[in-house]
Structure formats: structure tokens, C-alpha cells
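Listed below are the residues making up each chain.
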Amino acid sequence: MHNFIEALRKRLQEPLPGEAAHNLMASTTRTNLKLRPKPDSQTKESAVLILFYQDKEQIKLPLILRPVYAGVHSGQIGLPGGRREKADADFYETALREAQEEIGINPAEVTVVGHLSDLFVFASNHMVHPVVGYMEHKPAFLVDPREVDQLIEVPLSTLLDTSIRGITNFVVAGNIEISAPYFGVDGHTVWGATAMMLSELLSIINELEEDAL
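A brief look at the structure comes next. (Residues numbered from 1 in each chain as written. Predicted model: local features only at pLDDT ≥ 70, side-chain atom pairs only at ≥ 80, totals over all residues. Heavy atoms only, no water.)

## Side note on the overall build of the chain
When helices and strands are counted, the chain shows 6 helices and 11 strands. Each of the three principal axes of the chain carries a C-alpha extent, and together these read 45 × 35 × 35 Å. Burial analysis of the chain (213 residues in total) assigns 48% to the buried set. Counting contacts in the chain only where the partners sit at least 6 residues apart, residues at least 24 apart contribute 66% of the total. Counting 18 positive and 29 negative side-chain charges, the chain places the centres of these two groups 6 Å from one another. (Helix = DSSP H or I, 4+ residues; strand = E, 2+ residues; numbered from the N terminus. Buried < 20%, exposed > 50% of the residue type's maximum accessible area, 1.4 Å probe, protein only. Contact = heavy atoms within 4.5 Å. Lys, Arg positive; Asp, Glu negative; His and termini not counted. Charge placed at Lys NZ, Arg CZ, Asp CG, Glu CD.)

Following this line, the structure appears as C-alpha cells:
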């Protein structure tokens, strides 16, 4: 894992693929809009944590299933994270704090290695900052049931397997049908902003030397 983390750390210091990688997993809602909504004075800032850890012979990262609630991300698969608070020194602190609150990650045990490209999610009017880190051991997860319905530990090798990718249709906002690429993970459909951020991550990892994985 150390070879992988060091190679990833170095790559994250170089220019990132950004929108080109995001668009590989973007829904028709995003790609078809001629005048896409842009960040404005009401846009909220948030951060998510992509956390790698070793579990026996596998490198894994956690995803979460969000509860059903009255919101645009109800019942969706996401990365641990949430809105930035005034007390947060930066987006790294936001991501670590939210991961601690949602799945019990100890921020003191996480080493941050960099970040991915920011992603504007116009459905919720949030600018999301993806933070990348790792732990030397498997976390002692403690899930907050108010924020997380299920913790999903995903092997990196699963995400790198292109056979889990597909395209499906969703109905959003009550009656709008869209087509969206997705990752099929552990019986769940990972799409939208989370899939787009994972797409950039995987694009970067696929550039690394084979002996780093």
C-alpha cells in the first residue's frame, strides 16, 4: 500500500484530469444543459473524504448509503462528508470532521495526501471539495444511524474493474427521467456526483505504474 500511496501523492501534485474525467460518469441532466447553473452567492461549500486503508491483502475505501429524507441526495450512495462549518480551518478539516461524525473516523489517524478537482453539484447548489487520505490500518468504524443507513467497504480492485460500469435510467425531481452512467457496487448503484469524483480518482490511478497497485 505504501508504494501506491506515494505514487498517488506525487500524481495529485500534478495537473488533474478534472472535467474530462467527470464527464465520463455524468448524467444526461448535466451533459444536455446548454446553460448549466453556475455557483452563485447562495452556493454552499462542502467536502468529502476518499479514505484508503489496508484490509488484509486489499486496499479499500468506504462509501455510505444515505438515509431516505426530504432532499436531493435521499437514499443515494455517497462518500463521507458534508457542509463546511465556520469553525473549519480548511476543506481538509471539513472532510475529516464529517467523516468522524458519520462513520467514526479518528482524524488524528488519517494522513491527507492531496485532493481531487472541485465539483459543482447544481442539484443541491454545493461546491464539493474531494479530499484524499489514508490510514495505516482498518478503521474502527462507528456509524451514525441518523446520517448513514449502511457502510459499504469497497475494494479498490472492484472500482478498477470496468465490468461494474453501466448506464441506467432514473426518475428525479418527481417526474424527470434521466440517463446516467453508474458503478454497480455490492448491489448498489453509484451515480451522480459520487460517480464523477470516483471517475477522476480512477483516471488518475490508472495512470500509475502497475507495481504501485
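## Some remarks on the side chain of Glu 200
Relative to the assigned elements, Glu 200 resides in helix H6 (residues 192-205). Although buried, Glu 200 forms no salt bridge, and the nearest oppositely charged side chain, Arg 11, lies 7.3 Å from it. A polar atom in the side chain of Glu 200 sits 2.6 Å from the side chain of Ser 117. Ignoring anything within four residues of it in the chain, the contact list for Glu 200 reads Leu 16, Pro 17, Gly 18, Ala 21, His 22, Leu 116 and Ser 117. (Salt bridge = Lys/Arg side-chain N within 4 Å of Asp/Glu carboxyl O. Polar contact = N/O pair within 3.5 Å; in protein donor to acceptor, adjacent residues only side chain to side chain.)

## Considering the packing of aromatic side chains
Counted by the stated rule, this structure contains 2 aromatic pairs. Where Phe 4 meets Phe 52, the ring centres are 5.1 Å apart and the plane angle is 90°; that geometry is what we call edge-to-face. Linking Phe 4 in helix H1 (residues 2-12) with Phe 52 in strand E1 (residues 44-55), this pair joins segments that are 48 residues apart in sequence. We classify Phe 4 as buried; its relative accessible area is 1%. Consider the rings of Tyr 53 and Phe 141, whose centres lie 5.8 Å apart with planes at 70°: the pair is edge-to-face. Of this pair, Tyr 53 sits in strand E1 while Phe 141 sits in the loop between strand E7 (126-135) and strand E8 (150-155), and the two are 88 residues apart along the sequence. A relative accessible area of 0% means that Tyr 53 is categorised as buried. (Phe/Tyr/Trp six-rings, centres within 6.5 Å; stacked < 30°, edge-to-face > 60°.)

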